[in-house]
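Descriptive analysis of the structure
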Amino acid sequence: MEFKNFTHKSKDANDFLSPYQEISSRKTSAEIINEARLAIKESQNVDTNFASSAIKPLQTQRPFTPRDKERHLFGNKKPKADRPPSSFSLRYLQYEQDPPITPPDSRHYASSTHYISKQPSTPRIDELKKVSKSPSLTELNGNIFKIGIKEPCKIRLPSLENRPVQKRKIFTNATSLDNLPEETELKSEKTNVESRNAFSSPQERTTFDNNSNVSISPFGRSSAKQLNLSECLLLGPQNLTKIFDNRHIIEHSETLFTSTGYLTNQHFLHERDHLNQRILVDGKQSRTIDDILRDLNKTDSQNYNDDIVRNLLEELYGFMDKEGMFNSKVSSKLKIVILKTLYRFVESKNEDILISIAQIILAVKVTGNNLSGVCKLIFKISKNDENDNLFMRKNLLELFLDALGRSSPVDDAEACVYAYGALKFLTMNTKILHKVLDLGILPLMVLHIKLINSTKTEKTTLPKQINHVLFQLTGTLRNIVSEEHIYDSFVFCGTVLQLCQALDLFSSDGDIVANISRTLSTISTNEMCCDGLVEVESIYRTFIKLFDIHEENEEIVVRLTYTLGNIVAKIDNSRVKFFQEENSIGSLLNLWKSYLERTLQFCSLKVDSNNIRNNSSSEDVMIKVIRVIANIVINPEIGKAINEQYGNKLIDEFLKVLISNPFKKNQELVLSILSTLNNLSYYYSSDLELDVFHVKQINIAEAIIEYSKSRNNDCVVETMRILGNLSRSKITRNYIAETEIFDTLVRLLDTAEPTLLKTTIGVFVNVMSDIRARKLFKTSGGIKKLVSVLTKHCESDWLLGCLVCQVLWNYCIDTTDLNELFSDEEINELLILLADYLDEEKLFGINETTGDMEMFVTQEYLIWEEFANVATNLLEKIEYFLDTFDQIQINAEKEPASHTKNSNANINFSAW
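Since the model is a prediction, treat every value here as computed from it, not as a measurement.

With respect to the overall build of the protein
- Scanning the protein for helices and strands turns up 44 helices and two strands.
- Relative to all contacts within the protein whose residues are 6 or more apart in sequence, the contacts with residues 24 or more apart total 78%.
- A total of about 43,400 Å² of accessible surface is found on the protein, and carbon and sulfur atoms cover 49% of it.

Laid out in structure tokens, this is it:
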């Protein structure tokens, strides 16, 4: 609603009672209605001075950030020497002799299937399944015989491996048996030492390999502890008590003890037959993990069939998933075999193969350099948006986020750089974005930001790699905030606080600040997020510091000023806090001057496409800067203080733009300046001759006069509002009457736009206080136009009708003879219109017997009541004049003809 007084008045809580407050005494209907009216009026801040224009927040468009068509780790920014590369080769992984892995797990997974014959290119899997340190004998015996045996017919004893046993080495420490040698240490290429061998019965179908000398555990899944049973059996009869106590083992072991020595040819041939047999499942030959790895290693890494490799990789993943290898820790050495096999194909051009490799590597929960490698691989795939659909397959995203969740942005910086770089690309896809949000990516990102902030707080200097992590992370976060439905979670997770802390801690890193500023500018359009920003005590100080550090970076400045403008537009407390910060307004003025000079320099250069873009960006910064000032001065104390301290500088800077041709084409910039001048001039007091607007009122009027004819309706409205504020001064009113502005105002009364009509008529409310302006108004046909406005718009807009009546009242307030100001036709029209518009029964169905009290507190009725107060005075004045005029005519007829009428004898209506 226009022409409101937004000045904050201090009121005691007991000044008036709410219509909904319970009180001890019963109120009358009239009291209830009056209190309700008062409450609504207070909420609407209706001012009786209709000439004063509305002070309001200034809105603007959010800075637009186009998305790069090509996906790069650092966008289109110029490459720096310390930045991780966006393009790279993973060939180095193929040549690592021993891929770095985590220390051996406490739990080891070993295949429950048979071992394949040794391939030159494939390390021995059975060797890799064993622990690096054998447990004590007591622990071995205890664990072995704790296993429950439900089906005796399926029991198989482990073999005593066909290799020498170094008893001396075992008993080196007499007090402990924890120093048993690793089984890899017991392996000898050629030896003449005799060894003891034991075999299960042939009917148990235990399979051997003449190269590996390894058997499968009889207790289901093989383990390193069970494979060490051979050492246990060699320590003497005293250690075999539990074996003899187990009836099932004894009954089903025909050759528990065999003579020492090598296998005879007959035994060897017999066991070789068992070696070549495969376990049958549902009548089909089952493949083991070793079979799959062997086939993959047999494949030429330089020349292979993509379909075959892809199928083998899918088979490998399916086998490991079926056997539960992903749900338990796989031994480190087994991981090495798997990784070396997979790394042979990391340079494949087939994305299906690469994504399958990544899925397996993620599933075995790699860390360290292997984690960095798989993150690079995923990043490489995600660079092409045509591969986005590959990430929706199975549980790939779950595995990816799980790996990221196990990473530290400080300790695993390289992995996190490429992981968040990949997520930054993938979250450009709406489907993937929704899925990762459902998987809980937001809390994880907040946690990582918090870890980085904590580390930065504790250490003054950090590796540059951590900055790169934060850059990629904040870039991903910018994509996430494009979904408005997550704003509640955004605030709940503490994201706003952590971002503001990062903005302060990494204030010198322009890339990070740019990313965070993009995110803040987006979320600041949400009221809840604005509340979260206001709760950060250091936010204003941080912004002022960033204005100084990154003054030349328009990409940062335009977004920070936009965010700040949104905050102070919505929350009054934020205006006070920002204004109280040291150098707050001074920093804004510095930005304004800097970008004003830059824009003028661009305009003086030869015009080309680059200059046009740069000029547009500079002007956009000016718009956002001035918007902060316009929204701060909504607070009356701040508005008056800024007028006193900075008013002269601000007006001079604003007038430079308004009168400069290069800026006149930028409608948004002109509109922003006019709106700011309106908000500042709202506090102009014509009683104070030292008021900056009193001193510069003519300069301002001259600068804005051309915008009263603008094709942009909003610019015309703001111009009228400024004139409404300045026309409180007789100096401005005289200037209006003496220039073409008056004719422009009269022409604007023909417009059909309600807001423009209100602001224009508001200027006439003030101007009609001067006799000279009244005569001009009559000769210009202003009365006829006002009667037309009253006829067309009053019943649908009572506030507009109220303003029209106020102008007419001021127009004739000092007149004793209305015939001098109105024609008979205009007087008759006004009588009819006002009588109709003041008929409550006709308009609202209200009469003396009406009992509906709710009608009296409706918004429409209250606005009509404001209209009725002014219209009633005007109607009574007209009726009184007509009655008096008739009486004068009667008396004149009775007087002698010689007497002439004295025009100065009109009744004085000064009492009106």
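Description of the pattern of salt bridges
- Taken as a whole and assessed by the stated rule, the structure comprises 29 salt bridges.
- When the shortest N-O distance is used, the salt bridge between D402 and R406 registers 3.2 Å.
- The class of D402 is partly exposed, set by a relative accessible area of 34%.
- Between R598 and E552 there is a salt bridge; the shortest N-O distance is 2.6 Å.

Observations concerning the environment of M622
- Relative to the helices and strands, M622 resides in helix α29 (residues 609-632).
- A relative accessible area of 0% means that M622 is categorised as buried.
- For M622 and V558, which are 64 residues apart along the polypeptide, the C-alpha to C-alpha distance reads 8.3 Å.
- Sequence-distant contacts of M622, defined by excluding residues within four places in its chain, comprise W592, Y595, L596, T599, V657, F663 and L669.

So, unusual backbone geometry
- The backbone of K365 sits at a positive phi, close to 60°, despite the residue not being glycine.
- Positionally, K365 belongs in the loop between α14 (351-363) and α15 (368-382).
- One non-glycine residue, N583, lies in positive phi territory at about 60°.
- For N583, the location among the structural elements is in the loop between α27 (572-580) and α28 (584-604).
- On the basis of relative accessibility, which here comes to 46%, the residue N583 falls in the partly exposed class.

Overview of the packing of aromatic side chains
- Scanning the model with the defined rule gives 16 aromatic pairs in all.
- Taking 5.3 Å as the distance between ring centres and 85° as the angle between the ring planes, the aromatic pair formed by Y304 and F345 counts as edge-to-face. Taken together, the positions of Y304 in the loop between α11 (289-298) and α12 (306-322) and F345 in the loop between α13 (332-343) and α14 put the pair 41 residues apart, joining distant regions of the chain.
- Using a relative accessible area of 0% as the deciding quantity, one classes F345 as buried.
- Aromatic ring contacts, followed pair by pair, group F742, F764, F777, Y811 and F822 into a single cluster.
- One residue, K456, lies across the ring of F506, its end atom 5.3 Å from the ring centre.
- Over the ring of W809 we find K877, and its NZ or CZ is 5.6 Å from the ring centre.

Observations concerning the packing of helix α30 (residues 636-659) against helix α34 (residues 697-704)
- In the contact formed by α30 and α34, the axes pass within 9 Å of each other and the chain directions differ by 25°. Considering the angle they form, α30 stands roughly parallel to α34. For the pair α30 and α34, the sense of crossing is left-handed. Between α30 and α34, the residues in contact are I651, L655, L658 and I659 and N699, I700, A703 and I704, respectively.
- Taken together, the residues of the contact of α30 with α34 break down into seven nonpolar, one polar and no charged.

Quick look at the nonpolar core
- Counting residues in each nonpolar core, the largest one holds 222 residues, and the members touching the most others are I441, W592, L658 and F822.
- For this core, the element with the most residues is helix α17 (residues 413-426), which contributes eleven residues.
- Excluding anything up to four places from it in sequence, F822 contacts K778, I783, L808, Y811, C812, I827 and L830.

Quick look at helix α41 (residues 798-812)
- The terminal C-alpha atoms of α41 lie 21 Å apart, and with 15 residues this matches the ideal 21 Å at 1.5 Å per residue to within 8%.
- Most of α41 is tucked away: 15 of the 15 residues are buried.

Section: the side chain of N297
- Along the chain, N297 turns up in helix α11.
- Looking at N297, its side chain comes within polar contact range of the main-chain oxygen of L293, at 2.8 Å.

Focus on the environment of A403
- Within the secondary structure layout, A403 lies in helix α16 (residues 396-405).
- Exposure remark for A403: the relative accessible area of 3% places this residue in the buried category.
- A sequence separation of 36 residues divides A403 from T367, and the C-alpha atoms of the two residues are 8.3 Å apart.
- Beyond its immediate stretch of four places on either side in the chain, A403 contacts L362 and L371.

Overview of the side chain of R310
- Within the element layout of this structure, R310 appears in helix α12.
- Judged by its relative accessible area of 18%, R310 falls in the buried class.
- Leave out the neighbours within four places in its chain, and R310 touches N350, D352 and I353.

Points about the state of the cysteines
- Following the criterion strictly, the structure yields zero disulfides and no others.
- Just so you know, C530 is unpaired, no disulfide at all, and the nearest cysteine sulfur is the one on C529, 7.6 Å from it.
- Residue class for C530 comes out buried when judged on its relative accessible area of 1%.
- For C794, which is in no disulfide, the shortest distance to another cysteine sulfur is to C805 and amounts to 6.2 Å.
- Judged by relative accessible area, C794 falls into the buried class, the value being 1%.

Overview of the confidence of the model for the protein
- Residues at a pLDDT of 70 or more form 65% of the protein, whose mean pLDDT is 74.
- Across the protein, helix α25 (residues 539-549) holds the top mean pLDDT of 97, while helix α5 (residues 183-186) sits lowest at 36.
- Ignoring residues within four places in sequence, the model shows residues 100-284, a span with pLDDT below 50, making 285 contacts including any to other chains.
- In the model, residues 897-912 has pLDDT below 50 throughout and makes 16 contacts with residues more than four positions away in sequence or in other chains.

The rules we used
Residues numbered from 1 in each chain as written. Predicted model: local features only at pLDDT ≥ 70, side-chain atom pairs only at ≥ 80, totals over all residues. Heavy atoms only, no water. Helix = DSSP H or I, 4+ residues; strand = E, 2+ residues; numbered from the N terminus. Contact = heavy atoms within 4.5 Å. Areas by Shrake-Rupley, 256 points an atom, 1.4 Å probe, with all protein chains shown as cover. Salt bridge = Lys/Arg side-chain N within 4 Å of Asp/Glu carboxyl O. Buried < 20%, exposed > 50% of the residue type's maximum accessible area, 1.4 Å probe, protein only. Phe/Tyr/Trp six-rings, centres within 6.5 Å; stacked < 30°, edge-to-face > 60°. Lys NZ or Arg CZ within 6 Å of the ring centre and 35° of its normal. Axes fitted to C-alpha atoms, helices over the stretch in contact; angles between N-to-C directions. Parallel < 35°, antiparallel > 145°, perpendicular 65-115°, else oblique. Left-handed = near helix turned anticlockwise from the far one by under 90°. Nonpolar A, V, L, I, M, F, W, Y, C, P; charged D, E, K, R; others polar. Core = buried A, V, L, I, M, F, W, Y, C linked by side-chain atoms within 4.5 Å. Expected span 1.5 Å × (residues − 1). Polar contact = N/O pair within 3.5 Å; in protein donor to acceptor, adjacent residues only side chain to side chain. Disulfide = S-S within 2.5 Å. pLDDT = per-residue confidence, 0-100.

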